[in-house]
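Structural overview for review
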Amino acid sequence: MSLRFVLDPELTPELCARIVTLWVDVTNAGGAVGFVAPVTADEVRTIADPTLAGIADGFDRLLLGYDDDRLVAMAIFTDPRFHLKPHLRVITRVMVHPDTQGRGVGEALMRTAEQVGRDLGLAALHVTVRDGLGLDRFYRRLGYREVGRWPGAIRVAPGDDRDEILMWLGLTEDPSATTDARS
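Residues numbered from 1 in each chain as written. Predicted model: local features only at pLDDT ≥ 70, side-chain atom pairs only at ≥ 80, totals over all residues. Heavy atoms only, no water.

**Points about the sheet that holds strand β1 (residues 3-7)**
Heads up, the condition is: A strand pair is defined by DSSP finding two or more bridges across the two strands. A helix here means a DSSP run of H or I that spans at least four residues, while a strand means a run of E at least two residues long, and both kinds are numbered starting from the N terminus. For helices, the fitted line uses only the C-alpha atoms of the stretch in contact; every axis is such a line through C-alpha atoms, and the angle between N-to-C directions lies from 0 to 180 degrees. In what follows, residue pairs with any heavy atoms lying within 4.5 Å of each other are defined as contacts.
Taking strand neighbours across the sheet as the criterion, the seven strands line up as β1-β2-β3-β4-β5-β7-β6 in an open arrangement whose pairing is mixed. Unpaired on one side and paired on the other, β1 and β6 (145-157) mark the two borders of the sheet. Each strand of the sheet is rotated relative to its neighbour by a mean of 25 degrees, with strand direction disregarded. Note that strand β5 (residues 124-130) and strand β7 (residues 160-170) share seven bridges and pair antiparallel. Counterpart to R130 in the pairing with β7 is E164. Sheet strands in contact with helix α1 (residues 13-28) are β2 (61-67), β3 (70-78) and β4 (88-96), and its direction is about 95 degrees off that of β3.

**What to know about the packing of aromatic side chains**
This is how it is decided: Any two of the Phe, Tyr and Trp rings considered here, Trp counted by its six-membered ring, make a pair once their centres fall within 6.5 Å; the pair's planes then place it as stacked at under 30 degrees, edge-to-face at over 60, or tilted in between. Here the term buried applies to any residue with accessible area under 20% of the maximum for its type, exposed to any over 50%, and partly exposed to those in between, with areas from a 1.4 Å probe on protein chains only.
Here the structure, examined in full by the defined rule, presents three aromatic pairs. Judged by centre distance (6.3 Å) and plane angle (70 degrees), the ring pair of W23 and F35 falls under edge-to-face. Within this pair, whereas W23 is found in helix α1, its partner F35 is found in the loop between α1 and α2 (41-56), the two being separated by 12 residues in sequence. Judged by relative accessible area, which is 1%, W23 ranks as buried. Seen from their ring centres, Y139 and Y144 are 5.4 Å apart, and the 80 degrees between their planes marks the pair as edge-to-face. Relative accessible area serves as the criterion here: at 7%, Y139 is assigned to the buried category. Cluster of aromatic residues (ring-pair linked, three or more members): F138, Y139 and Y144.

**Things to note about helix α3 (residues 105-119)**
This is how the line gets drawn: Here a helix's expected span is defined as the number of its residues, less one, multiplied by 1.5 Å.
For α3, spanning 15 residues, the distance from its first C-alpha to its last is 21 Å, which sits close to the expected 21 Å at 1.5 Å a residue. All of the buried residues along α3 are V105, G106, L109, M110, A113, E114, V116 and G117. Backbone geometry just after α3 places G121 at a positive phi near 80 degrees.

The following block contains the structure:
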């Protein structure tokens, strides 16, 4: 595998279509990226289009991972759009193509996101995780810590509500900068 990452690629129509295809593939393989399988490209576009518009408008940043020329991973640095939080970003839509999972792509994606966050001078990164899939263990291995839960916040089906786990990674040398995520 020849893995490389690109920050802020030009959002051409062809690239946007590839992103939607990745999103569909990840969702339909059971990935927790905003939908519940089965999903179609048209359904994904209802979220993908405004998400990509936020990137095109310069609010958010897009990190893509490629195996040679094949798009296999994605993460978005989402700006909280709140003037008291310019030092933080929420990493959203973290996804790795199902046929590359277990090969270190997710870890490489998140390590690259961490480095990008440091390069941008951010104090911390935040991710939210759907409970019940073991994703919190993945993020813990990368140094994220659980800072809270929203009980039953995600309804994947009638009678199947999941907690949303809030996870945090401090990027500064000063540990007091991220000791209380509620500040």
